[in-house]
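# Structural characterization, general
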Amino acid sequence: MSVRIYVVRIPGVAAVFAAALLLLGVGVWLGGEKVWRALTPLSGFVSGRTVIIDPGHGGPDPGCLSAAGLCEKEIVLDVARRLEIYFQRAAVYTVLTRREDRDLADEAGEAGGGRKVRDLEGRIALARRSRGDLLLSIHANAFPSPVWSGAQTFYYPGREESRRLAVLVQNVLVERLGPNTRKAKAGEFRLLEKVPMPAVLVEIGFLSNPREAELLGRPEYRERIAEAIFTGVVQYWLCQGQGGEPAVDGLAGVQPPPAAPLPQWRLKQGEALLYFGGPTNLDDFLAPEVRAVPALAQEKSLEKRIQAVVEELLAGPGEGSILSPTLPRRARLRKVRVRGEVVQLDFDRALVESFHGGARSEELAVYSLVNTVTELVPGCRVLITVEGKAGATLAGHMVLDRPLSRNEEVLR
Ligand SMILES: [Zn+2]
């Protein structure tokens, strides 16, 4: 099967010229005197590199949608093309994972799974073959609550170079497209895990927020997003060239202070702790709700107790609650099976077919299940299956092919 890899090369002399012009421009543009002084030795850090730009979704997978019908797959492709132009002007080689409205499922080789999972595998294979210096995956977000807004950049947990890149890209996005209080965050997304180069996933905004969806519909706003991402990447390279430490004000020592311990909940008999989405735009995490679940007091079977609690979670936050649902209400839990320390939750297809979220909301949906079940069965791992099979994906960013442990990071 032939695979198209799009590599744009600017011939020799033109490349040097373009790089010189760009560095001049970038120096003025980034503004800082510190950056300006460092310009001469920087040409080697910018031109001649290869960036893989990955517009998410495509073809049969539209990604998330705005109320007005704006489609994630279309706006992220437009941003990717604009981003490519910035890199081309800097004599940086670009590889786009797609240029048309299609997915990469047919390029996944032997990989099994549903179309969305094979699409991810196709992107991973392409990124590995093209040996880029870094990968930028472009997505848009959606959440059941329309109040959530703001671009956000993700890296795979424990990947230090990716985290540094994410912090710098997020910083420029906030600076240029604010108000936005979101910070770069770790996210367990398959593509970021499986590619060897530093890789980030940029959620360019929430299509579920009417104001942001309207902005994302405007070409000039998408241009500003592309410019901001490009500037963040250049800053990352500049930092590498200056010995690896972020040189941008306010970013030195980006390690956050140790987080405060989470509150301990005392539950009465017959009560469960359920995890839902945070109430406001500043609460981009899971928050607990105490719920009376009569079956907990009556049922002896652990499977039935878990079943009852997960059904409460699927029903959504309680009446009058300020929290947001994380899972599609139509999804049904078909069976619970406990084998050793692994709890298998088997759902019907509605879990996948009725889920319309971005990468972060997919992560919150998955861990609302995992963390709720680990409240009931401390220390267990949770395997989420669809019609008996592992390896499903809710929205094409995570692959549910292994039992997951409780995640405390999504609680703050
Ligand atoms: Zn997406």
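Structure first, text after, so check above.
Residues numbered from 1 in each chain as written. Predicted model: local features only at pLDDT ≥ 70, side-chain atom pairs only at ≥ 80, totals over all residues. Heavy atoms only, no water.

Next up on the list: unusual backbone geometry. The bulk of non-glycine residues show a negative phi, and the bulk of peptide bonds are trans. Phi is positive for His57, which is not a glycine, with a value near 60°. Tracing the sequence through the fold places His57 in the loop between strand E2 (50-55) and helix H4 (72-89). For His57, a relative accessible area of 3% corresponds to the buried category. For Ala91, which is not a glycine, the phi torsion comes out positive at approximately 60°. If you trace the backbone, Ala91 turns up in the loop between H4 and strand E3 (93-96). In this structure Ala91 comes out as buried when scored by relative accessible area, which is 7%. (Helix = DSSP H or I, 4+ residues; strand = E, 2+ residues; numbered from the N terminus. Buried < 20%, exposed > 50% of the residue type's maximum accessible area, 1.4 Å probe, protein only.)

The coordination sphere of the zinc ion contains the protein donors His57 (NE2), Glu72 (OE), His139 (ND1) and His397 (NE2), at a distance range of 2.1 to 2.3 Å. Coordination at the zinc ion is irregular: its four donor atoms span angles of 89 to 171° at the metal. Mapped onto the polypeptide sequence, the residues donating to the zinc ion form the spacing pattern H-x14-E-x66-H-x257-H. Of the two residues, His57 is situated in the loop between E2 and H4 and Glu72 in helix H4; the sequence distance between them amounts to 15 residues. (Donors = N, O, S within 2.8 Å, 3.2 Å for Na, K, Ca; no water. Tetrahedral: all angles 85-135°; square planar, octahedral: opposite > 155°, others 65-115°.)

So, about the pairing of strand E5 (residues 152-155). Neither face of E5 is exposed, since Gln152 and Phe154 on one face and Thr153 and Tyr155 on the opposite face are all buried. For E5 and strand E7 (residues 199-206), the ladder comprises three bridges, and the chain directions are antiparallel. In the sheet register, Phe154 faces E7, and the bridge partner there is Leu201. Note that the unit made of E5, helix H6 (residues 160-177) and strand E6 (residues 185-186) has a crossover that is right-handed. (Pairing = 2+ DSSP bridges. Right-handed = clockwise from strand over helix to strand, strands pointing away.)

The subject of this paragraph is the pattern of salt bridges. Enumeration according to the criterion identifies 28 salt bridges in this entry. Residues Arg190 and Asp401 are paired through a salt bridge, measuring 2.6 Å at the closest nitrogen-oxygen approach. In this pair, Arg190 is assigned in helix H7 (residues 190-194) and Asp401 in the segment after strand E12 (381-386), connecting sequence segments 211 residues apart. Arg190 sits in the buried class, given a relative accessible area of 8%. A relative accessible area of 36% means that Asp401 is categorised as partly exposed. In this structure, Arg334 and Asp346 form a salt bridge, with 2.7 Å as the shortest nitrogen-oxygen distance. Of the two residues, Arg334 is situated in strand E10 (residues 333-339) and Asp346 in strand E11 (residues 342-347); the sequence distance between them amounts to 12 residues. By relative accessible area, which is 7% here, Asp346 ends up buried. (Salt bridge = Lys/Arg side-chain N within 4 Å of Asp/Glu carboxyl O.)

You can see Thr374 is positioned in helix H13 (residues 359-376). Using a relative accessible area of 6% as the deciding quantity, one classes Thr374 as buried.

Before going further, it helps to spend a moment on the packing of aromatic side chains. A complete count under the given rule lists six aromatic pairs for this structure. Plain terms: the ring middles of Phe87 and Phe230 are 5.1 Å apart, the flat faces sit at 75° to each other, and that makes the pair edge-to-face. Here Phe87, found in helix H4, pairs with Phe230, found in helix H9 (residues 219-241); they are 143 residues apart in sequence, far enough to count as distant. As far as burial versus exposure is concerned, Phe87 and Phe230 are alike and both buried. Among the aromatic side chains, those forming a connected cluster through ring pairs are Tyr86, Phe87, Phe230 and Trp237. Above the plane of the ring of Tyr86 lies Arg89, whose end atom (NZ or CZ) is 5.4 Å from the centre. (Phe/Tyr/Trp six-rings, centres within 6.5 Å; stacked < 30°, edge-to-face > 60°. Lys NZ or Arg CZ within 6 Å of the ring centre and 35° of its normal.)

Structurally, Ser145 can be placed in the loop between strand E4 (134-141) and E5. Sequence-distant contacts of Ser145, that is, excluding residues within four places in its chain, are made with Ser208 and Ser324. (Contact = heavy atoms within 4.5 Å.)

With that settled, consider the nonpolar core. Grouped together as the largest cluster of nonpolar side chains are 68 residues, with contacts concentrated most on Val310, Leu345, Phe347 and Ile384. Here the element with the most residues in this core is H13; it accounts for eight residues. When residues are assigned to domains, this core turns out to be shared by domain 1 (6-241) and domain 2 (271-411), each giving three or more. For Phe347, the residues in contact, after removing those within four places along its chain, are Val310, Leu314, Arg332, Leu333, Arg334, Leu369, Ile384, Thr385, Val386 and Glu387. (Core = buried A, V, L, I, M, F, W, Y, C linked by side-chain atoms within 4.5 Å. Domains from an automatic or database assignment.)

What follows is about helix H5 (residues 115-130). Its 16 residues give H5 an end-to-end C-alpha distance of 22 Å, which sits within 8% of 22 Å, the value for a rise of 1.5 Å per residue. Those residues of H5 lying buried are Val117, Asp119, Leu120, Gly122, Arg123, Ile124, Leu126, Ala127 and Ser130. Where H5 is buried, its residues touch E2, E3, E4 and H7. Just beyond H5, the residue with positive phi is Arg131, at close to 50°. (Expected span 1.5 Å × (residues − 1).)

Here the focus is the pairing of E2. Within a regular beta strand, the side chains point alternately toward one face of the sheet and then the other, so they alternate between its two faces. Of all the six residues making up E2, six are buried; the element is thus mostly covered by neighbouring parts of the structure. For E2 and E3, the ladder comprises four bridges, and the chain directions are parallel. Bridge pairing links Ile52 to Val95 in E3. In this fold, E2 hands off to H4, which returns the chain to E3; that crossover is right-handed. The pairing of E2 with E4 spans five bridges and is classified as parallel. Paired with Asp54 across the two strands is Ser137, which belongs to E4.

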